[in-house]
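Chain residues, written in single-letter form:
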Amino acid sequence: MPPIRIAPSVLPADFARLGDECAALERAGVDRIQFDVMDGRFVPNLTFGPDVIASVRSVVSVPFEAHLMIEEPDHLIPRFVEAGCQIIIVHVETCTHLHRTLASIRDLGAAPAVALNPHTPLEMVASVVDLLDMLLVMTVNPGFGGQAYITTMEPKIDAARRLLDRADHWIDLEVDGGISAATVEGAAEAGANVLISGSALYRHPGGLGEATGELRKLASQAWQRRIAAQS
Ligand code: DX5
């Protein structure tokens, strides 16, 4: 049974109180916090850069991951590591020399991860699996929170888990987009163990803590079904 990690996206948070929002997420029991970095070019939205992330780094102790939805990320990666991000996620669609980019993230002391848009085939990362600590299979088209989960990504999630299982080390499989109590079981039973959730967490009537615990419980139960089905 892999570790089940619940990681909120801060996209729905009140940016006027981002530090307080991160503290509330940590109190809610999240395993890490994801910052959705968008440049208005790779995705049709614009969010924040390393200075904003650095401003809240000292408020909490949970790891930060930077989801870089930006063109040509190489020159900015060191800034996100300096800002306090332990995990750096680049999109395969934005990296001309992905092998070199992932190695450079590791050289900077951060955990390398790569993301695949819904249309991007898994084969695009098959040659760099050995460099990864995590693979992100997007379950929405990147750019905005609150979109519908793309159920047809589940066979890709399952194939990704099987690909990663052939590596000589554990590699987390993350999904991001439309993850809620209604969709988390499908993603986890397909093989995802890191669940990114934004709107579903913030909209949960029971609050962040209850929402986090519910996602973790449902994902754990789904993984137990996956393991039972494979035994
Ligand atoms: C898309 C973003 C969103 C966000 C999660 O670019 O990456 O997927 O993190 O948003 P929800 O959970 O609201 O779909």
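Figured I'd write up the structure that's included with this text.

Conventions and cut-offs
- Residues numbered from 1 in each chain as written.
- Predicted model: local features only at pLDDT ≥ 70, side-chain atom pairs only at ≥ 80, totals over all residues.
- Heavy atoms only, no water.
- Phe/Tyr/Trp six-rings, centres within 6.5 Å; stacked < 30°, edge-to-face > 60°.
- Helix = DSSP H or I, 4+ residues; strand = E, 2+ residues; numbered from the N terminus.
- Buried < 20%, exposed > 50% of the residue type's maximum accessible area, 1.4 Å probe, protein only.
- Lys NZ or Arg CZ within 6 Å of the ring centre and 35° of its normal.
- Contact = heavy atoms within 4.5 Å.
- Near = heavy atom within 4 Å.
- Polar contact = N/O pair within 3.5 Å; in protein donor to acceptor, adjacent residues only side chain to side chain.
- Areas by Shrake-Rupley, 256 points an atom, 1.4 Å probe, with all protein chains shown as cover.
- Core = buried A, V, L, I, M, F, W, Y, C linked by side-chain atoms within 4.5 Å.
- Pairing = 2+ DSSP bridges.

## Quick look at the packing of aromatic side chains
In step 1: Evaluated as defined, the whole model comprises three aromatic pairs.
In step 2: On the basis of an interplanar angle of 65° and a centroid distance of 4.7 Å, the ring pair of Phe35 and Phe64 is categorised as edge-to-face. Residue Phe35 is located in strand β2 (residues 33-38), and its partner Phe64 is located in strand β3 (residues 64-69); the two are separated by 29 residues in the primary sequence.
In step 3: For Phe35, a relative accessible area of 0% corresponds to the buried category.
In step 4: Grouped by ring-pair contacts, the aromatic residues Phe15, Phe35, Phe48 and Phe64 constitute a single cluster.
In step 5: Above the plane of the ring of Trp170 lies Arg161, whose end atom (NZ or CZ) is 4.0 Å from the centre.

## Considerations on the side chain of Thr101
In step 1: Examined against the element boundaries, Thr101 turns out to sit in helix α4 (residues 98-107).
In step 2: Of the residues examined, Thr101 reaches a relative accessible area of 1% and is grouped as buried.
In step 3: Leave out the neighbours within four places in its chain, and Thr101 touches Asp74, Ile77, Val90 and Cys95.

## Concerning the site of the ligand
In step 1: Around the ligand, a shell composed of 19 residues is seen, among which Gly143, Asp176, Gly178, Gly198 and Ser199 lie nearest.
In step 2: Interatomic distance of 3.3 Å between a side-chain N/O atom of Ser9 and an oxygen atom of the ligand.
In step 3: If the ligand stood free it would expose 370 Å²; the protein chains cover 99% of that surface.
In step 4: Counting residues per element, the ones that place at least two in the shell around the ligand are β2, β3 and β8 (194-197).
In step 5: A per-element tally of the shell around the ligand places β2 first, with three residues.

## Section: unusual backbone geometry
Peptide bonds are trans in most cases, and residues, glycine excluded, mostly fall at negative phi.
In step 1: Here Glu72, not a glycine, exhibits a phi torsion of approximately 45°, which is positive.
In step 2: Within the fold, Glu72 resides in the loop between β3 and α3 (77-82).

## Some remarks on the nonpolar core
In step 1: Within the largest apolar cluster, 69 residues are counted, with the highest numbers of intra-cluster contacts made by Ile33, Phe35, Ile88, Val90 and Leu135.
In step 2: Per-element tally for this core: the top contributor is helix α8 (residues 208-230), with seven residues.
In step 3: Excluding its chain neighbours within four sequence positions, the residues that come into contact with Ile88 are Ala66, Leu68, Ile77, Phe80, Val81, Ile105, Ala110, Ala111, Pro112 and Ala113.
In step 4: Grouped together as the second largest cluster of nonpolar side chains are 10 residues, Ile87, Ile89, Ala113 and Val194 included.

## Comments concerning the pairing of strand β6 (residues 134-138)
In step 1: Where burial is concerned, most of β6 is hidden: five out of the five residues are buried.
In step 2: Neither face of β6 is open: one carries Met134, Leu136 and Met138, the other Leu135 and Val137, and all of them are buried.
In step 3: As defined by bridge partners, strand β5 (residues 111-116) adjoins β6 across four bridges and the pair is classed as parallel. Bridge assignment links Ala115 to a residue of β6, and that residue is Leu136.
In step 4: Bridging between β6 and strand β7 (residues 172-176) involves five bridges; their strand directions are parallel. By the bridge assignment, Leu136 is partnered in β7 with Glu174.

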